[in-house]
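So the chains spell out like this:
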Amino acid sequence: MARGKFKNLVSTAIPLPMENVDTDQIIPARFLKATSREGFGENLFRDWRYEANGQPVNDFVLNDPSFSGEILVAGKNFGSGSSREHAAWAIYDYGFKVVISSFFADIFKNNSLNNGLLPLQVSDEDLVEIFALIDTDHQVEFEVTLASQSLILPGMGKTISFDINPYKKECLLNGYDEIDYLLNLKSEIAAFEQSRV
Amino acid sequence: MTKTLFDKIWDDHVVKQIENGPSVVYIDRHLIHEVTSPQAFAGLEKRGIPVFRPENTIATADHNVPTIDQHLPIKDKLSKFQVDKLTENCEKFGVTLYGLNHPYQGIVHVIGPQLGITQPGMTIVCGDSHTSTHGAFGAIAFGIGTSEVEMVLATQCIMQSKPKKMKITVGGKLGKGVTAKDVVLYIISQVSTSGGTGYFIEYAGKAITGLTMEGRMTVCNMSIEMGARGGLIAPDQTTFDYLKGREFTPQGASFDKAVENWSNLYSDSEAVFEKEFHFDATDIEPMITYGTNPGMGTKITGKVPSYGEMNKSVEKSLKYMGLEPGEDLIGKEIDYVFVGSCTNGRIEDLREVAKFVEGKQKAENITAWIVPGSKQVEKQAQEEGISKILEKAGFQLRQPGCSACLAMNDDKIPQGKYAVSTSNRNFEGRQGPGARTMLASPLTAAAVAIAGKIVDPREVI
């Protein structure tokens, strides 16, 4: 489901320097009982964010008021495990528009792109630098421009360019929906079926 | 042009190639369940469109169902609503549903093969990452998100970029007490939890082709635990023998014709894989995991590794597991044993456990759950007398579903408790908040249930 056009943004970022963050951490299975796409942000990183008794875990980054922003920065292999799209919904619903990591799991990457959430892949070295920048100044702002595929690191005069499939980029920039695209192909699909009989 | 098995099936299903973009890939079989489909059906409703090819989609309820008293209304309100929603959607959109109490109900990746819905050369998707299981039949099968479930319902197609190909060869013969689960846990420990990302795997070699279909499914099932979308194995006589006479496989002369076609499904000898791994079966021992991703596994006689300078992620993982670097795994006391899931909830798994525990008693400190993968597995277990043997040994025999593999229902391992589990993921909280999961084979799980602690199954069989 398209979420409207992806807009460029300038934002502070929230660091989560853990590797292999799986989708069970992003949204635990027991919160997958809903039948709509909304409201999952409330339980984003539930078991890292809250104690069993519901009290916030003080040293978890989402509970630290000195961090805020629409960019989540995470360690490599982010989003591994279950195919639950609820993970992308939860991150988006919480208010993030971009996730930066040095490596994304495949299904998570697709799910994010299908929901207007940009998985922005940088090199391991750049990721270390980004974490260091945030560590030094929690209010540091990053600029993400999708059209030019650039991430500007503030105060360093450094621009990182990132890769994205050109087709997916078009979809995000224009808020296109892949289902609409496929629906327009129905006669071709039916012809394909006929050709295989 | 030489092609891999993957290329052959993929190329056969491309409806359209988008310039600089993904391929539009035709899907032969679509499996759906209650958790990842409601939002997709809602999308169709919003657009006011039907399911394009309802006969190619099969539904079941598995992830969010209780495993006791399935004949009674589901107690948990949200779960009931979700399962009811599936029934309502299937009725409304004309999709066949094997719901609770249907003789074909079960874990989606257990029933597909069991009913012969899964066949060689097909493209199969499901809103579940373990769809890779079906690759055991020489099919391209992979997990998808809910937006993609909606695409397939709406058009029987999906947009995908073609992955790279990886070949994993396991040569030689497996030793006594070493099973398919140990093979795949070993492979993941070598390739790592992300080493397969961007690839589709083909498994080959004598140790793979020597496995039964159920063993092959166990291996392909866990391809996603290396980050690979899927894994497949070229179909052979073992595959054809398994499929013959199943509910939805072609019958009689049509079957012979199908076998003729399926026999062309193999990688050409010169076919190129972007990445290859070679392993030797004699290096593989019974395996167990000690960490919080499936790549953190070791031979059962091994120790928790000492990681020189530990990074934060490993440190967090071992702290969560309550394990120290250098600690022996053998002798570690365990609280729960779970046998089930799409990885190891099939009849051969139950037989293996029953064979080992027959005439024995589970240890007092162990709570042992055994959850058949489907109603048909459950029935077969009863008919073969397996259920009685397991109950006598002190196992609690539950009704079919995903159960404690992801603990969406009440089957949760309590905080801080250790579970040796035949499932596929040892992530933090996967089997319940604070649960400490150690993945292993059904044989190892059975041995642990009797001993009450981690033992080398080879020492006790």
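The rules behind these values
Residues numbered from 1 in each chain as written. Chains lettered and ligands numbered in written order. Predicted model: local features only at pLDDT ≥ 70, side-chain atom pairs only at ≥ 80, totals over all residues. Heavy atoms only, no water. Pairing = 2+ DSSP bridges. Helix = DSSP H or I, 4+ residues; strand = E, 2+ residues; numbered from the N terminus. Axes fitted to C-alpha atoms, helices over the stretch in contact; angles between N-to-C directions. Contact = heavy atoms within 4.5 Å. Polar contact = N/O pair within 3.5 Å; in protein donor to acceptor, adjacent residues only side chain to side chain. Phe/Tyr/Trp six-rings, centres within 6.5 Å; stacked < 30°, edge-to-face > 60°. Buried < 20%, exposed > 50% of the residue type's maximum accessible area, 1.4 Å probe, protein only. Lys NZ or Arg CZ within 6 Å of the ring centre and 35° of its normal. Right-handed = clockwise from strand over helix to strand, strands pointing away. Expected span 1.5 Å × (residues − 1). Buried area = accessible area lost by both parts, 1.4 Å probe. Salt bridge = Lys/Arg side-chain N within 4 Å of Asp/Glu carboxyl O. Left-handed = near helix turned anticlockwise from the far one by under 90°. Nonpolar A, V, L, I, M, F, W, Y, C, P; charged D, E, K, R; others polar.

When you look at the sheet that holds strand β4 (residues 57-60) of chain B in this model, what are you seeing that I'm missing?
To summarise the sheet geometry, strands pair through backbone hydrogen bonds and adopt either a parallel or an antiparallel arrangement. All names here are of chain B. Here 5 strands make up an open sheet; going across it, the order is β5-β4-β3-β6-β7 and the pairing parallel. Here the strands that pair on one side only, and so sit at the sheet edges, are β5 (96-98) and β7 (140-143). Each strand of the sheet is rotated relative to its neighbour by a mean of 20°, with strand direction disregarded. Two strands pair when backbone bridges link them, and strand β3 (residues 29-32) and β4 are joined in this way by 3 bridges, in the parallel orientation. Note that in β4 the partner of isoleucine 32 across the bridge is alanine 59.

Got a minute to help me understand the environment of threonine 123 of chain B in this structure?
Residues and elements named next belong to chain B. With respect to the element layout, threonine 123 can be found in strand β6 (residues 123-126). Once the C-alpha coordinates of threonine 123 and arginine 29 are considered, the two residues, 94 residues apart in sequence, prove to be 6.5 Å apart. Residues contacting threonine 123, with those up to four places away along its chain left out, are Ile9, His13, Val25, Tyr26, Ile27, Asp28, Arg29 and Ile140. In this structure the side chain of threonine 123 is engaged in a polar contact, spanning 2.9 Å, whose partner is the backbone nitrogen of aspartate 28.

Would you mind going over the packing of aromatic side chains with me for this structure?
Note on aromatic pairs: each is described by the distance of the centres and the angle between the planes. Enumeration over the complete set of coordinates arrives at 20 aromatic pairs over all chains. Judged by centre distance (6.1 Å) and plane angle (25°), the ring pair of phenylalanine 240 of chain B and tryptophan 262 of chain B falls under stacked. Taken together, the positions of phenylalanine 240 of chain B in helix α9 (residues 237-243) and tryptophan 262 of chain B in helix α10 (residues 252-262) put the pair 22 residues apart, joining distant regions of the chain. One exposure class covers both phenylalanine 240 of chain B and tryptophan 262 of chain B, and it is buried. Site record: aromatic cluster; members linked through ring pairs are Phe45, Trp48 and Phe60 of chain A. The residue whose ring lies beneath arginine 246 of chain B is tyrosine 242 of chain B, and the NZ or CZ to ring-centre distance is 3.7 Å. Residue placement shows lysine 360 of chain B over the ring face of phenylalanine 356 of chain B; its charged tip is 4.1 Å from the ring centre.

Mind showing me how you'd approach the environment of alanine 59 of chain B here?
All names here are of chain B. Secondary-structure assignment places alanine 59 in strand β4. The exposure class of alanine 59 is buried, given its relative accessible area of 0%. Spatially, the C-alpha atoms of alanine 59 and valine 95 are 7.0 Å apart, while their sequence positions differ by 36 residues. Setting aside anything within four residues of it in sequence, one finds alanine 59 in contact with Ile32, Leu86, Cys90, Val95, Thr96, Leu97 and Tyr98.

Quick question: what am I supposed to make of the pairing of strand β3 (residues 71-74) of chain A here?
Across a regular strand the side chains alternate sides, sitting on one face of the sheet and then on the other. Residue and element names in this part refer to chain A. By the alternation rule, side chains of β3 split into Ile71 and Val73 and Leu72 and Ala74, which are all buried. With 3 bridges connecting them, β3 and strand β4 (residues 98-101) associate as parallel partners. Across the sheet, the residue bridging to leucine 72 is valine 99, located in β4. In this region the chain leaves β3, passes through helix α3 (residues 86-94) and returns to the parallel neighbour β4; the handedness of that crossover is right-handed.

Mind showing me how you'd approach helix α6 (residues 180-191) of chain B here?
Given 3.6 residues per helical turn, the α-helix brings residues three or four places apart onto the same face. Residue and element names in this part refer to chain B. Taking 1.5 Å of rise per residue, 12 residues should cover 16 Å, and α6 covers 16 Å from first to last C-alpha, within 8% of that figure. Most of α6 is tucked away: 10 of the 12 residues are buried. All of the buried residues along α6 are Ala180, Lys181, Asp182, Val183, Val184, Leu185, Tyr186, Ile187, Ile188 and Val191.

I keep staring at the interface of chain B and chain A and nothing clicks. Help me out?
Accessible area lost during the coming together of the parts is what is often quoted as the interface size. Between chain B and chain A, the contact holds 66 residues from the first and 54 residues from the second. Both sides together, the interface formed by chain B and chain A hides about 5000 Å², and carbon and sulfur atoms give 58% of it. Across the contact surface, chain B and chain A share 8 salt bridges. With a closest N to O distance of 3.1 Å, arginine 196 of chain A and aspartate 28 of chain B form a salt bridge. Counting across the interface, chain B meets chain A through 25 residue pairs in polar contact (both at pLDDT 80 or more). For the side of chain B that touches chain A, the secondary structure elements donating two or more residues are β1 (14-17), β2 (23-26), α2 (38-47), α3 (77-93), α5 (146-155), β8 (157-160) and α11 (312-321) of chain B. Examining the composition of the side of chain B that touches chain A, we find that 7 residues originate from one element, α5 of chain B, more than from any other.

Which parts of the structure should I look at to understand the side chain of glutamine 25 of chain A?
Considering the arrangement of structural elements, one finds glutamine 25 of chain A in helix α1 (residues 23-26). In this structure glutamine 25 of chain A comes out as buried when scored by relative accessible area, which is 5%. A distance of 3.4 Å separates a polar atom in the side chain of glutamine 25 of chain A from a polar atom in the side chain of tryptophan 48 of chain A. In contact with glutamine 25 of chain A, other than residues within four places in its own chain, are Phe45, Arg46 and Trp48 of chain A together with Phe427 and Glu428 of chain B.

Mind showing me how you'd approach the pattern of salt bridges here?
It is possible for side chains of opposite charge to pair when their charged atoms get near one another. Tallying each qualifying case throughout the model produces 36 salt bridges over all chains. With a closest N to O distance of 2.6 Å, glutamate 193 of chain A and arginine 53 of chain B form a salt bridge. Here glutamate 193 of chain A is found in helix α8 (residues 186-196), whereas its partner arginine 53 of chain B is found in the loop between α2 and β4 on a different chain. Judged by relative accessible area, which is 13%, glutamate 193 of chain A ranks as buried. Each of Arg37, Glu85, Asp177 and Asp180 of chain A together with Arg47 and Glu150 of chain B takes part in salt bridges that share partners, so that together they form one network.

Sorry, what's going on with the packing of helix α13 (residues 347-357) of chain B against helix α16 (residues 442-451) of chain B here?
Two quantities define a packed helix pair, namely the angle between the axes and the distance from one axis to the other. All names here are of chain B. Running from N to C, α13 and α16 point in directions that differ by 35°, and their axes come no closer than 9 Å. Like other packed secondary-structure pairs, α13 and α16 cross with a definite hand, here right-handed. Residue-level inspection shows Asp349, Glu352, Val353, Phe356 and Val357 of α13 in contact with α16, the latter providing Pro442, Leu443, Ala446, Ala447 and Ile450. A per-class count over the contact of α13 with α16 returns 8 nonpolar, no polar and 2 charged.

Just checking my understanding: could you explain the pairing of strand β5 (residues 118-121) of chain A for this structure?
Residues and elements named next belong to chain A. Sheet topology places β4 next to β5; 4 bridges connect them, and they run parallel. Counterpart to valine 99 in the pairing with β5 is proline 119. In this region the chain leaves β4, passes through helix α4 (residues 106-113) and returns to the parallel neighbour β5; the handedness of that crossover is right-handed.

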